[in-house]
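What follows is the residue order along each chain.
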Amino acid sequence: MSRPEDILPPDLFYNDTESRKYTTSSRIQTIQSSMTHRALSLLSLTSPSLILDIGCGSGLSGEILSASASEGTPGGPHVWIGFDISSSMLGIALEKEVEGDLFLADAGQGVPFRAGTFDAAISISAIQWLCNAETSEESPAGRLSRFFNGLYASLRRGGRAVCQFYPKNDVQKKMISAAAIKAGFGAGLLEDDEGTKNAKTYLVLTVGGGDVRG
Amino acid sequence: MKLLTLNFLTCAIKTCKSSPLSFPLHPREVELEILETDYNAVFLRNILPRLEWEALRVLAGELGLPSLPESSPDVSSLSTSSEEDDSETPTQVAQDLHRLLLETCIKEGKLVCGCCGHEYAVKEGVANFLLPGHLV
Ligand SMILES: [Zn+2]
């Protein structure tokens with residue numbers, strides 16, 4: 001299978017047809033939902049929080065963030081803000097009337113929120129796209145650095161981010177982790193089903209200076 | 001976009017990052033809508049100390065909404081608890097804040113940076129923060 005990020009940039013790849021295909025495939029929905037739950041368990045949230053969803057797409061993860069603790073979302077319901085570069089994906093999120101605020105934005109351009117805004121951040125199957133640089137003005141390193149620096153600043157001290165992504169190879173995995181560490185994060189890579197074709201990679205990021213959460 | 005979000009959002013342009021004028025963004029020609037959502041006492045308590053109250057006051061003024069008190073209400077003013085059944089009832093202050101921050105939304109319009117003048121369009125509640133490459 002060819003990797004979508006090798007074919008086109010995400011705003012072009014996830015056009016209306018691809019977006020709908022992605023969102024209506026029940027197999028993708030199930031995988032997406034289980035990865036969101038896994039990421040949430042790694043965030044260890046215990047009360048309703050303000051969360052940034054990077055690459056929120058059609059809001060599959062967001063619907064889980066908006067659910068209550070009794071519906072299976074730890075600490076929920078959370079309030080979330082979602083970024084996506086694909087207006088087709090956001091269009092589907094609008095049709096579903098998701099509760100989060102949606103931004104047409106490219107995380108590789110930065111995270112335009114004041115310092116300490118978010119309790120946590122989550123990203124499902126998105127940040128490998130940051131390694132694409134489409135123009136001569138852009139480099140993967142520059143995009144990764146703007147994203148992780150912006151994310152680091154926008155999180156509260158003691159906050160966490162969990163990014164599930166599909167690394168193309170070990171070089172890309174290391175490049176992404178190194179960019180996060182350079183931005184100031186404590187970083188760890190977690191692999192579920194390692195070595196199988198269902199392998200899932202989670203980048204778990206912590207912001208130091210942990211305050212005690214009330 | 002909830003007014004809550006506007007209390008955290010800054011201009012995305014690199015050269016504005018260090019300027020205090022890049023926050024808050026200023027709404028222009030906006031159409032507001034109310035989207036009701038469940039009252040969430042714990043979230044409100046969580047977020048209240050993180051608000052930039054002065055920016056919220058400015059925003060309410062710019063949108064022609066009722067003016068807010070000079071200083072942020074205290075977390076303790078959000079609920080009254082009943083000793084009989086240990087329940088909590090949101091106060092009027094809490095209900096007003098919930099309505100303002102979480103239910104009052106910008107549906108259409110633009111957000112303007114006070115530093116560089118860049119205008120971010122909001123359509124169907126979605127803000128467009130994609131920048132041309134030379135501004136990143
Ligand atoms: Zn600006």
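Because the structure is predicted, anything quoted here is derived from the model rather than measured.

How each quantity is defined
Residues numbered from 1 in each chain as written. Chains lettered and ligands numbered in written order. Predicted model: local features only at pLDDT ≥ 70, side-chain atom pairs only at ≥ 80, totals over all residues. Heavy atoms only, no water. Helix = DSSP H or I, 4+ residues; strand = E, 2+ residues; numbered from the N terminus. Rg over C-alpha atoms; globule rule 2.2 N^0.38 Å. Buried < 20%, exposed > 50% of the residue type's maximum accessible area, 1.4 Å probe, protein only. Contact = heavy atoms within 4.5 Å. Areas by Shrake-Rupley, 256 points an atom, 1.4 Å probe, with all protein chains shown as cover. Lys, Arg positive; Asp, Glu negative; His and termini not counted. Charge placed at Lys NZ, Arg CZ, Asp CG, Glu CD. pLDDT = per-residue confidence, 0-100. Donors = N, O, S within 2.8 Å, 3.2 Å for Na, K, Ca; no water. Tetrahedral: all angles 85-135°; square planar, octahedral: opposite > 155°, others 65-115°.

**Digging into the overall build of chain A**
Now for step 1: A count of helical and extended segments in chain A gives eight helices and seven strands.
Now for step 2: Compactness check: chain A gives a C-alpha radius of gyration of 16 Å against a globular reference of 17 Å for 214 residues, within 12% of the reference.
Now for step 3: With the C-alpha coordinates of chain A rotated into their principal frame, the extents come out at 45 × 35 × 35 Å.
Now for step 4: Within chain A, the proportion of its 214 residues that are buried is 56%.
Now for step 5: Expressed as a percentage of contacts within chain A between residues at least 6 apart in sequence, the contacts between residues at least 24 apart total 72%.
Now for step 6: With the model as given, the accessible surface of chain A reaches about 8900 Å², and the carbon-plus-sulfur share is 53%.
Now for step 7: Positive and negative side-chain charges in chain A, numbering 19 and 24 respectively, have mean positions lying 6 Å apart.

**A closer look at the confidence of the model for chain B**
Now for step 1: When pLDDT is averaged along chain B, the result is 94, and 97% of the positions lie at 70 or above.
Now for step 2: At the level of chain-chain contacts, confidence expressed as ipTM amounts to 0.95, with global pTM at 0.92.

**Overview of the coordination of the zinc ion**
Residues and elements named next belong to chain B.
Now for step 1: The coordination sphere of the zinc ion contains the protein donors Cys11 (SG), Cys16 (SG), Cys113 (SG) and Cys116 (SG), at a distance range of 2.3 Å.
Now for step 2: Taken together, the four donor atoms coordinating the zinc ion span angles of 100 to 116° at the metal, a pattern that classifies the geometry as tetrahedral.
Now for step 3: Donor residues for the zinc ion sit on one chain with the sequence pattern C-x4-C-x96-C-x2-C. Each member of the pair, Cys11 as well as Cys16, carries the same accessibility label: buried.

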